[in-house]
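Structure assessment
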Amino acid sequence: MNLLKISGSPHVHTDNSVKGIMYGVIYAMIPALLVSIYFFGLDAIRVTVLSVVMCLLVEYLIQKYVLKTTVTISDGSAIITGILLAFNVPSNLPWHIILIGAIVAIGIGKMSFGGVGKNIFNPALVGRVFLLISFPVQMTSWPIPVPLGGKALTDAITGPTPLGIMKEGLSAGKTVSEIMPQIPDYVQNMLVGFQGGSLGEVSALALLLGAIYMLIRKIITWHTPVAFIGSAFIFASILYLVDPARFVDPFFHMLTGGMMLGVFFMATDMVTSPMSAKGQLIFGAGAGILTILIRVFGAYPEGVSFAILIMNAFVPLLDRGFKPKRFGEVVKA
Amino acid sequence: MLKTFKLGGVHPAENKISEDKKIEVLPLPKIAYIPISQHLGAPAKPLVNKGDSIKVGQQIAKGEAFISANIHSSVSGKVQKIDAVIDASGYKRTAVVVQVEGDEWEEGIDKTKDIKRDITLSQKEIIAKINEKGIVGLGGATFPSHVKLMVPDGKKADVLIINGVECEPYLTSDHRLMLEMGEEMMIGVEILKRALGVNRAVIGIENNKPDAIEHLSKIAKNFSGIEVQGLKVKYPQGAEKQLIKAIINREVPSGKLPIEVGAVVNNSGTAYAVYEAVQKNKPLIERVVTITGKSVKNPGNFMVRIGTPVSELIEAGGGLPDDTGKVISGGPMMGKALNSLEAPIVKGTSGILIMQEEEAARKQVLNCIRCSRCVSVCPMGLEPYLLEKVVMFEDFERTEKERVMDCIECGSCQFTCPANRPLLDYIRLGKNKVGQIMRARAKK
Ligand code: SF4
Ligand code: SF4
């Protein structure tokens with residue numbers, strides 16, 4: 001007879017796995033990936049593949065030769081970082097900059113904290129912000145999306161993002177209504193993907209589709225996205241009501257730039273967001289307000305990445321401050 | 001309307017393989033190992049010596065402390081020795097080892113199947129009888145029943161809750177008992193009601209046992225003040241605090257007993273044992289035990305004499321399968337893995353589950369990815385990921401503050417964790433340490 005195994009209860013386990021969750025996130029990014037391929041063609045594939053491969057490679061090398069631990073690159077988390085990093089850069093970014101992004105994202109953003117689950121900041125955002133500061137020119141010249149077989153809306157090959165146009169115009173002293181005509185029908189275009197921008201920013205609808213999938217599979221909860229969008233919208237509305245000449249309408253903020261990508265795929269990263277529902281609400285609300293603050297008053301046209309990174313730093317505090325509802329809590333009178 | 005508790009909970013695969021198997025009587029063992037401690041509290045003091053001849057039902061150990069219980073012999077024969085054995089709950093216990101000869105019963109025990117409906121004893125006499133006959137909670141906690149029935153001064157019970165939930169996967173002993181001994185059990189409930197001095201009793205049963213709900217509802221019509229409440233299937237609904245919350249929506253405060261909110265919970269099997277003790281003068285010497293598992297040839301439910309080695313029950317189930325990985329006393333969520341098949345079945349053994357090697361293997365432990373699933377399934381509203389971490393860092397002050405002692409060890413967190421973290425292993429360790437610290441503090 002073989003020896004009986006002894007271990008503490010429970011003796012059964014669900015089919016939940018880290019891999020399952022990570023691949024769920026990857027599946028959720030497929031619609032946005034397809035849209036980016038549709039608009040940026042081979043370039044989108046090039047950037048995404050390069051980014052994913054480099055993230056995997058960096059993680060592999062660090063685990064194998066630096067940390068000398070078990071290699072866990074098959075868990076899917078490095079693939080997510082790779083895709084998210086690709087989603088955050090222009091489609092014409094040269095390979096060596098992508099490599100630097102991957103090294104910073106995985107090496108500094110993730111492995112230096114101890115690997116998956118232990119990092120405080122979203123690795124892809126760490127990579128993106130590093131690139132933005134180090135390569136401001138390459139990181140902000142955005143190819144104009146050209147639908148497969150279609151025509152570009154302008155003759156230019158690269159151009160600023162709607163947020164960039166807005167920022168530039170406003171700092172030149174123009175009013176919102178003077179600038180708007182330079183941004184072609186943004187609501188429709190930005191929903192389905194004509195806005196200039198990084199790979200993953202082009203279509204808000206595709207991102208939403210992915211988010212719904214993650215909600216259904218219970219990979220994310222509604223708290224962070226709703227608080228994020230809600231607070232950003234309310235804050236932008238207040239500014240707009242105060243002075244519509246200086247502040248653009250809230251819908252513009254919602255649909256431009258990395259808003260939806262940040263809301264659904266960066267802020268909801270379970271590793272770097274709070275555990276409790278209340279914590280997530282505050283986390284999301286904080287990120288929403290910071291985003292608008294940076295966009296409107298800061299030096300950069302886009303503020304989503306910075307806002308999320310700042311809120312990431314508050315997560316340990318939020319986790320300590322907001323505890324789940326305990327069973328049988330004795331309420332002190 | 002079906003009820004359930006709100007906070008947390010999981011849905012493990014039910015696997016109630018043996019639910020249609022009628023209760024059979026397991027043949028007598030050749031040797032019975034009867035531990036003198038089969039209950040929560042102080043061990044009983046042995047009353048017999050090596051070489052003594054004893055009968056079925058004869059008291060062989062006396063519970064002397066306030067929280068303790070009497071032990072009776074489940075077999076007749078000669079006391080071979082009094083020695084330490086490892087029982088089915090995994091602990092080393094002193095046991096009376098009896099060489100079985102025949103099946104000779106003590107005088108005065110009604111062995112017949114006739115149902116005795118008239119309850120003649122008074123409240124005091126009932127409690128005395130339950131004490132005398134060594135009745136303990138049969139749901140697993142094995143708390144001496146007479147102690148539970150003595151409501152402390154200043155507290156008042158207004159409802160008796162009968163636990164017929166059997167929320168552990170695989171186990172079916174309570175289910176079968178409710179179906180086959182429903183009326184006896186119901187008389188037991190009535191007796192418990194009188195012992196407590198309450199006029200309301202609610203039997204909680206999950207709706208994966210519709211036959212039991214229907215059967216007992218019918219019987220309950222002949223009794224006043226006894227209701228049957230169907231419950232939505234959710235683990236750990238059989239845990240006392242969760243059951244009270246589900247049925248009467250009262251929340252037992254942290255660190256307090258159910259009586260704090262006017263409730264007393266007893267298991268359905270206990271109600272049956274109470275019937276036998278009070279109406280038939282029969283001590284707790286046998287119980288229904290499930291033998292089950294995916295590879296078990298003849299899964300079933302058996303009436304087993306206390307002290308029978310687990311191996312004999314496994315034989316009755318068709319022998320130990322070749323692919324056995326673990327043998328568990330109890331269910332897969334809270335049961336204990338046995339290291340010896342010679343361990344005797346005791347009052348608290350509700351089932352023996354044989355798990356396949358593959359099923360029993362633990363998966364590779366990965367980093368916590370902060371998915372918060374463990375937090376959302378914890379029925380006590382704790383943060384298992386955090387408890388694991390603070391115990392690992394040996395920060396027991398924080399462990400206590402994070403309310404580790406509230407943990408009911410239901411295992412929902414570890415069951416759910418996608419990173420396969422051994423959460424409950426650490427939490428148990430934490431409870432142990434914090435318990436020591438608290439006791440040391442109380443002594444000062
Ligand atoms: S912490 Fe305790 S009570 Fe909570 S789920 Fe885990 S085992 Fe159950
Ligand atoms: S369920 Fe596991 S991985 Fe998820 S938060 Fe809890 S310990 Fe971490």
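As the structure is a prediction and not an experimental result, all values here were calculated from the model. (Residues numbered from 1 in each chain as written. Chains lettered and ligands numbered in written order. Predicted model: local features only at pLDDT ≥ 70, side-chain atom pairs only at ≥ 80, totals over all residues. Heavy atoms only, no water.)

Assigned secondary structure in chain A consists of 15 helices and 2 strands. Contacts in chain A between residues at least 24 apart in sequence constitute 73% of all its contacts with a sequence separation of at least 6. Accessible area for chain A stands at about 14400 Å²; split by element, carbon and sulfur atoms hold 71% of it. (Helix = DSSP H or I, 4+ residues; strand = E, 2+ residues; numbered from the N terminus. Contact = heavy atoms within 4.5 Å. Areas by Shrake-Rupley, 256 points an atom, 1.4 Å probe, with all protein chains shown as cover.)

To continue, consider the pattern of salt bridges. Pairing of side chains with opposite charge becomes possible as their charged atoms draw close. For the coordinates displayed, the defined rule picks out 37 salt bridges over all chains. Of the charged contacts in the structure, one is a salt bridge between Glu402 of chain B and Arg326 of chain A, with a shortest N-O distance of 3.0 Å. Taken together, the residues Glu402 of chain B in the loop between α12 (396-401) and α13 (412-416) and Arg326 of chain A in the segment after α15 (304-321) connect one chain to another. When sorted by exposure, Glu402 of chain B lands in the same class as Arg326 of chain A, which is buried. Across the pair Asp425 of chain B and Arg428 of chain B runs a salt bridge whose closest N-O atoms are separated by 3.7 Å. One end of the pair, Asp425 of chain B, and the other, Arg428 of chain B, are both in helix α14 (residues 423-443), 3 residues apart, so they sit about a helical turn from each other. Overall, Asp425 of chain B belongs to the partly exposed group, its relative accessible area being 28%. (Salt bridge = Lys/Arg side-chain N within 4 Å of Asp/Glu carboxyl O. Buried < 20%, exposed > 50% of the residue type's maximum accessible area, 1.4 Å probe, protein only.)

Residues and elements named next belong to chain B. What the 3 strands build is an open sheet, ordered β3-β5-β6; its pairing is antiparallel. If you trace the sheet from one side to the other, it starts and ends with β3 (45-46) and β6 (71-72), each paired once. Where strand β5 (residues 59-62) lies against β6, 2 bridges are found, and the strand directions are antiparallel. Considered in β6, the bridge of Ala61 is made with Ile71. (Pairing = 2+ DSSP bridges.)

Here we come to the site of ligand 1. Contacts to ligand 1 come from 13 residues, most closely from Cys378, Cys407, Cys410, Gly411 and Cys413 of chain B. Taken together, the residues that form the shell around ligand 1 break down as 10 nonpolar, 2 polar and 1 charged. (Near = heavy atom within 4 Å. Nonpolar A, V, L, I, M, F, W, Y, C, P; charged D, E, K, R; others polar.)

A few words now on the packing of aromatic side chains. On inspection of all chains with the given rule, the structure shows 5 aromatic pairs over all chains. Ring centres 4.9 Å apart and planes at 80° place the aromatic pair Tyr38 of chain A and Phe39 of chain A in the edge-to-face group. Ring geometry for Phe113 of chain A and Phe121 of chain A: centres 6.4 Å apart, planes at 65°, overall edge-to-face. Classification of Phe113 of chain A by relative accessible area gives partly exposed; the value is 33%. The positively charged end of Lys234 of chain B is found above the aromatic ring belonging to Phe5 of chain B, 4.5 Å away from the centroid. (Phe/Tyr/Trp six-rings, centres within 6.5 Å; stacked < 30°, edge-to-face > 60°. Lys NZ or Arg CZ within 6 Å of the ring centre and 35° of its normal.)

Before going further, it helps to spend a moment on the pairing of strand β11 (residues 226-231) of chain B. Residue and element names in this part refer to chain B. By the criterion of burial, β11 is predominantly enclosed, with 5 of the 6 residues buried. Relative to β11, strand β10 (residues 201-206) is paired through 6 bridges, and the arrangement is parallel. When the sheet's bridge partners are listed, Val202 is paired in β11 with Glu227.

Quoted interface sizes are often the accessible area lost when the parts come together. All names here are of chain A. Looking at chain A, the domain boundaries give domain 1 (18-139) and domain 2 (160-321). Centre-to-centre separation of domain 1 and domain 2, based on C-alpha positions: 21 Å. Facing the 35 residues of domain 1 at the interface are 32 residues of domain 2. Together, the buried faces of domain 1 and domain 2 total about 2700 Å²; carbon and sulfur atoms form 75% of this surface. Broken down residue by residue, the surface that domain 1 buries against domain 2 is led by Phe39, Phe87 and Leu125, which jointly contribute 18%. At the boundary of domain 1 with domain 2, the tally comes to 0 salt bridges. Counting across the domain 1 and domain 2 interface gives 4 residue pairs in polar contact (both at pLDDT 80 or more). Of all the secondary structure elements, the ones that give two or more residues to the side of domain 1 that touches domain 2 are α1 (18-40), α2 (42-66), α3 (77-87) and α5 (123-134). A per-element tally of the side of domain 1 that touches domain 2 places α1 first, with 13 residues. Of the residues assigned to the side of domain 1 that touches domain 2, the class counts are 24 nonpolar, 9 polar and 2 charged. (Domains from an automatic or database assignment. Buried area = accessible area lost by both parts, 1.4 Å probe. Polar contact = N/O pair within 3.5 Å; in protein donor to acceptor, adjacent residues only side chain to side chain.)

In this structure, Pro10 of chain A follows Ser9 of chain A across a cis peptide bond, with omega equal to -5°. If you trace the backbone, Pro10 of chain A turns up in the segment before α1. Phi at Lys218 of chain A takes a positive value of approximately 60°, unusual for a residue other than glycine. Looking at where Lys218 of chain A falls in the secondary structure, it is placed in the loop between α10 (204-216) and α11 (223-242). We note that Asn420 of chain B has phi near 55°; this positive angle belongs to a residue other than glycine. With respect to the helices and strands, Asn420 of chain B occurs in the loop between α13 and α14.

Another aspect to go through is the site of ligand 2. Close to ligand 2 lie Met275 of chain A together with Cys368, Ile369, Arg370, Cys371, Ser372, Cys374, Tyr385, Cys417, Pro418, Ala419 and Leu423 of chain B. More than one chain reaches ligand 2: its neighbouring residues belong to chains A and B. Considering only residue class, the shell around ligand 2 consists of 10 nonpolar, 1 polar and 1 charged.

The next thing to look at is the interface of chain B and chain A. Each partner contributes residues to the interface: chain B has 61 residues there, and chain A has 43 residues. Taken as a group, Ile369, Arg370 and Phe415 of chain B account for 16% of the area that chain B buries against chain A, more than any other trio of residues on that side. For the pair chain B and chain A, the number of links is 8 salt bridges. Put simply, Lys325 of chain A and Glu251 of chain B hold a salt bridge, and the shortest N to O gap is 3.4 Å. The interface formed by chain B and chain A includes 30 residue pairs in polar contact (both at pLDDT 80 or more). When contributions to the side of chain B that touches chain A are tallied by element, the ones reaching two or more residues are α6 (240-248), β15 (324-329), β16 (336-337), α9 (357-360), α10 (373-377), α11 (384-392), α13 and α14 of chain B. A per-element tally of the side of chain B that touches chain A places β15 of chain B first, with 5 residues. Residue composition of the side of chain B that touches chain A, grouped by class: 28 nonpolar, 14 polar and 19 charged.

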